[in-house]
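Survey of secondary and tertiary structure
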Amino acid sequence: MQRKETPYIPPEQSAPELTFRAVFIGIILAIVLGAANAYVGMKAGLTVAATFPATVMALALLRPLGGGVLEQNIARTTASVGEALVAGAIFTIPAFLLTGVWSEFNYWESTLIMFVGGTLGVLFITFLRRVLVHDPELPFPESVACAELTKAGQAGQTGAGYVFGAMGLSAFIELFKNEIGIPVIQEYARGFFSFRHFASPVLPGVQHGGGIVWVTPSASPMLMGVGFIIGWRLAALVFTGGLLAWGVLVPLLLFAGPHLESAAGSRGWMEIASTVWRQQVRPLAVGAMIVAAFYTLSRLRGALQSAFAHAVRDLQRIVRREGAASSETLRTERDLPLGAVLLGLLVLAIPVGVLYEYFTERVGAAIVTTLVMLLTGLLFAAVAGYLVGLIGSSNNPISGLTLSTLILAGVILLGIGVSGERGVLAVLGVAAVICCAMGIAGDMMQDLKVGHLLGGTPWRMQLGEMIGVWFSALVLTIPLVVLHKTYTIGSEALPAPQAGLMAMMSQGIMAGQMAWPLVLMGALLAVTLILLRVPSVMLIAVGMYLPFYSTAAIFVGGLLRAILDVALRRRSLVESERERVENIGILLASGLIAGESIASIVLAFLFIGGIALPKPVVASAVMKGSAVLVFVITAVVLIALPLRAAGRRA
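So, here is what we can say about the structure in this document. Everything numeric here is computed off the predicted structure, so don't read it as measured data.

1. Quick look at unusual backbone geometry
- If you check the backbone angles, Glu-361 has positive phi at about 60° while not being a glycine.
- Looking at where Glu-361 falls in the secondary structure, it is placed in the loop between helix 13 (338-360) and helix 14 (363-391).
- Phi is positive for Ala-496, close to 50°, though the residue is something other than glycine.
- As for its position among the elements, Ala-496 is in the loop between helix 17 (458-487) and helix 18 (497-510).
- Classification of Ala-496 as buried rests on a relative accessible area of 2%.

Next up, the structure:
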């Protein structure tokens, strides 16, 4: 049975909404949360929707100033832009570096991609708002939860103390854990367990050896927070990928390569094992990710078909202008004018075409890629918006849709004679704009549903979202540059798996630079896992691509969530109390994620600025003991604090 949706603020009631303070607070939060998500996305391979922390922060900052529900709605809408925009950016823009077509981040090109892609996402979803918001088949799970959180905030239950307290704790730990901070906490430990040598059963006189790398989980509240939010089941799948890579494939390749024994004598087995993982296991993971992306889309084919059908029907209604007169009388149904939206799309096509001409050095190819971008962007924005309504923003498979766009653009460009480095630039340019557009479209659709439940005015929310996109696009390239200069994107410290996937695919299609045998074996591995009915092959592939200490830390976070769930089942709590405990846990985990990632970025800025923090000499036992303490503190924060709040009124 469909829940009857009555706006919290009735359509006939007017209240302050698109105010300067609401937009200003939203822009600041968008930049902060966007920069934080850039780090966690490239570090953990997973992005975390900023809707809930943005809601809490907007409530905490506006309520003391007398800001009402609609102002808080605008601030949250603007704030969530940063996370969505940077998710699209980190999945694609670092690929320009990883392919070698850029030697460093190009600020203006990166900014233009985010500016145009984000704005297109808002304009695309404006076409589709009515049909998606009012679709009775779409539950919008995260939007409903966010609206309820906002309503609870009017009674003082903001949860801000949990978010900001966890942020401060996590940032403090990162200061003493990060190597460019004041390192007194050892993030992880690792070593190499050598195998006894065995005579080859195939080649007489040849000895097989090698061994296995052992690694502890990272003492990272951020990664444990990610695992806590995605839950035990998904965290276990990521960890399975790590076990497969480091517990099976790397030792197997070392054992099967007796010629590595001589190299290990001079370089060490640890370095050899890391090289095998980067050069051989990661291409396998990429092959698995490719198959997993398309398998995910195939499983959603019913939803995708519905999304496409909805998009076509809604566009037909717009052309015929059906129902416009009746809906425009309500404040809660007023979108940006259709003429302005169409004009915006035409105007934005110009800088995109100029950018693609700069990439391809061919006017015809630029026109073709611009048309491909506009057509696929509109359709995939509709898909992204529909899927958010179906499964929520956190589960939106935009990387799979982006990969489809990249392959389509690559085939078309090859067909018109564009290849090599120029082709790589062009296909990545198309994929980057589309990915940013889909990220914003999904986020905007989620925000519009929240606004619909709260009684917000759609055109004001759409304008607030665009303002957030514009300011975020101007700023968010800077933390990407700083993170790359400090930690190096693509390294073990900042692996950026989705960008690695886009880089390898673009090089393979346009430049023929792909280890196809390894990719094929990875694809067959994914097919095997699909036949075994593994729930998420993509998460296993991501776990193979990430360093093991990261996947293990995510797994620890999933374990903490499982312990909390078991403890809640043993208590006789009513449904509202159980939901409150779970929400507090998510808010605390969000704070841990934001605190560590923001601290890492601040330290990176200090490092780039030449400000060196003291490096104390600390005994190894103390550093390892401090790491154990981090795990204990994180467990207390994510288990004990939520349970302590069970049944207690805020």
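The discussion continues.
2. Some remarks on empty space enclosed by the protein
- Per the stated rule, a full pass over the model turns up two cavities of 30 Å³ or more.
- Estimates place the volume of the second largest cavity at around 70 Å³.
- Lining the second largest cavity we find Arg-190, Val-213, Val-215, Trp-246, Ser-274, Trp-277, Glu-492, Pro-547, Phe-548 and Tyr-549.
- Elements represented by at least two residues in the lining of the second largest cavity include exactly strand 4 (211-215), helix 10 (269-299) and helix 21 (548-570).
- Taken together, the residues of the lining of the second largest cavity break down into seven nonpolar, one polar and two charged.

3. Looking at the pattern of salt bridges
- Applying the stated rule across the entire model yields 13 salt bridges.
- Taking the shortest distance from any N to any O, the salt bridge between Arg-331 and Glu-17 comes out at 3.9 Å. One end of the pair, Arg-331, is in the loop between helix 12 (324-327) and helix 13; the other, Glu-17, is in the segment before helix 1 (20-44), and 314 residues separate them in sequence.
- You can call Glu-17 buried: its relative accessible area is 4%.
- The closest approach of N and O atoms between Arg-190 and Glu-492, which form a salt bridge, is 3.3 Å. Of this pair, Arg-190 sits in strand 1 (residues 190-194) while Glu-492 sits in the loop between helix 17 and helix 18, and the two are 302 residues apart along the sequence.
- By relative accessible area, Arg-190 is classed as partly exposed at 36%.
- Taking relative accessible area as the criterion, Glu-492 reaches 22% and is therefore assigned partly exposed.
- A cluster of three or more residues bridged by salt bridges with shared partners is formed by Glu-17, Arg-331 and Arg-460.

What counts, and where the lines are drawn
Note that residues are indexed from 1 along each chain, following the sequence as it is written. In keeping with the predicted nature of the model, local features appear solely for residues at pLDDT of at least 70, side-chain atom pairs appear and are counted solely at 80 or more, and the whole-chain, interface and lining totals rest on all residues. To obtain the side-chain values, all non-hydrogen atoms of the structure were used and water was disregarded. Every helix listed is a DSSP run of H or I at least four residues long, and every strand listed is a run of E at least two residues long, numbered separately from the N terminus. The classification of residues rests on relative accessible area computed with a 1.4 Å probe and restricted to protein chains. Under 20% of the type maximum is buried, over 50% is exposed, and intermediate values are partly exposed. Lining residues are those with an atom within 4 Å of a point, where the points come from a 1 Å grid over the protein atoms alone and group into cavities, where a 1.4 Å probe fits but cannot get out, or pockets, open sets with protein on both sides within 12 Å along at least five of seven lines. Grid points are joined across faces, edges and corners, and a volume is the space filled by probe spheres set on the points. Put simply, Ala, Val, Leu, Ile, Met, Phe, Trp, Tyr, Cys and Pro go in the nonpolar bin, Asp, Glu, Lys and Arg in the charged bin, and everything else, Gly too, in the polar bin. Any carboxyl oxygen of Asp or Glu that lies within 4 Å of a side-chain nitrogen of Lys or Arg is treated as forming a salt bridge with it.

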